[in-house]
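The residues making up each chain are set out below.
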Amino acid sequence: QVHLVESGGGLVQAGGSLRLSCTRSGNSICAPIMGWYRQAPGKERELVAVIDSEGSAHYADDLKGRFTISRDNAKTTLYLQLDSLKPEDTAVYYCNAYCSADGINYDDWGQGTQVTVSS
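This section reports on the structure supplied with the text. These figures come from a predicted structure and were not determined experimentally.

1. Some points on the state of the cysteines
Throughout the structure, instances matching the rule amount to two disulfides. Each sulfur of the disulfide joining C22 and C95 lies 2.0 Å from the other. In this structure, the disulfide formed by C22 and C95 twists by about -75 degrees around the S-S bond and is classed as left-handed. Separated by 73 residues along the polypeptide, C22 in strand β3 (residues 18-25) and C95 in strand β9 (residues 91-101) bring together distant segments of the chain. Of the two residues examined, C22 and C95, each falls in the buried class. Note that C30 is cross-linked by a disulfide to C99, the S-S spacing being 2.0 Å. Judged by the sign of its S-S torsion, about 75 degrees, the bond between C30 and C99 is right-handed. Of the two residues, C30 is situated in the loop between β3 and β4 (33-39) and C99 in strand β9; the sequence distance between them amounts to 69 residues. Taken individually, C30 and C99 each receive the classification buried, so the pair is uniform in this respect.

In structure tokens form, the structure reads like this:
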């Protein structure tokens, strides 16, 4: 079972930056696609960015250019660099690991880290 732990959230002023980290432990049956999602109060959880096992990254269209997803070479830590933050970026940010093997989907989530952007 994969265990994910996020860190790096906090309170920042508009225009500021944060770097979120997600540490992955445990055994994975398959090479997961790792990603960041966020959920603002009263809203659905939404995709921020994902990165596959080969390092190819994809972003939500409206976040491209301000946020950057990356991972370390050992593929045990996932990062999300948040720049030019806006109050509407305030949300709980979740780390996700997903893969599928032999018809079984493996979908693991962290507990989330709060990002609050003040105006």
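2. Some details on the packing of aromatic side chains
Applying the stated criterion across every chain, the model contains two aromatic pairs. Relative to W109, the ring of Y37 has its centre 5.1 Å away and its plane inclined at 65 degrees; by these criteria the two rings are edge-to-face. Of this pair, Y37 sits in strand β4 while W109 sits in strand β10 (residues 104-109), and the two are 72 residues apart along the sequence. With 6.5 Å between their ring centres and 85 degrees between their planes, Y94 and W109 make a pair best called edge-to-face. Remark: W109 occurs in strand β10 and Y94 occurs in strand β9; sequence separation between them is 15 residues. By relative accessible area, which is 14% here, Y94 ends up buried. Taken together, the aromatic side chains of Y37, Y94 and W109 make up a single cluster linked through ring pairs. For the cation-ring pair, R19 lies above Y79, with the distance from its terminal atom to the ring centre recorded as 3.9 Å. Over the ring of W109 we find R45, and its NZ or CZ is 4.6 Å from the ring centre.

Rules of the game
For every chain, the first residue of its written sequence is number 1, and the numbers climb from 1 along that sequence. Restriction of local features to residues with pLDDT of at least 70 applies here, the model being predicted, together with a cutoff of 80 or more for giving and counting side-chain atom pairs; totals for whole chains, interfaces and linings are based on all residues. To get the side-chain values, take all heavy atoms of the structure and skip hydrogens and water. Cysteine sulfur atoms that pair up within 2.5 Å are treated as a disulfide. Under the scheme used here, helices are H or I runs from DSSP no shorter than 4 residues and strands are E runs no shorter than 2 residues, and both carry numbers assigned from the N terminus. Relative accessibility thresholds used throughout: buried, under 20% of the residue-type maximum; exposed, over 50%; partly exposed, between the two (1.4 Å probe, protein chains only). Any Phe, Tyr or Trp ring, taking Trp's six-membered ring, that has another such ring centre within 6.5 Å forms a pair; planes under 30 degrees apart are called stacked, those over 60 apart edge-to-face, and the others tilted. In this scheme, Lys NZ or Arg CZ marks a charge over a ring once it lies within 6 Å of the ring centre and within 35 degrees of the ring normal.

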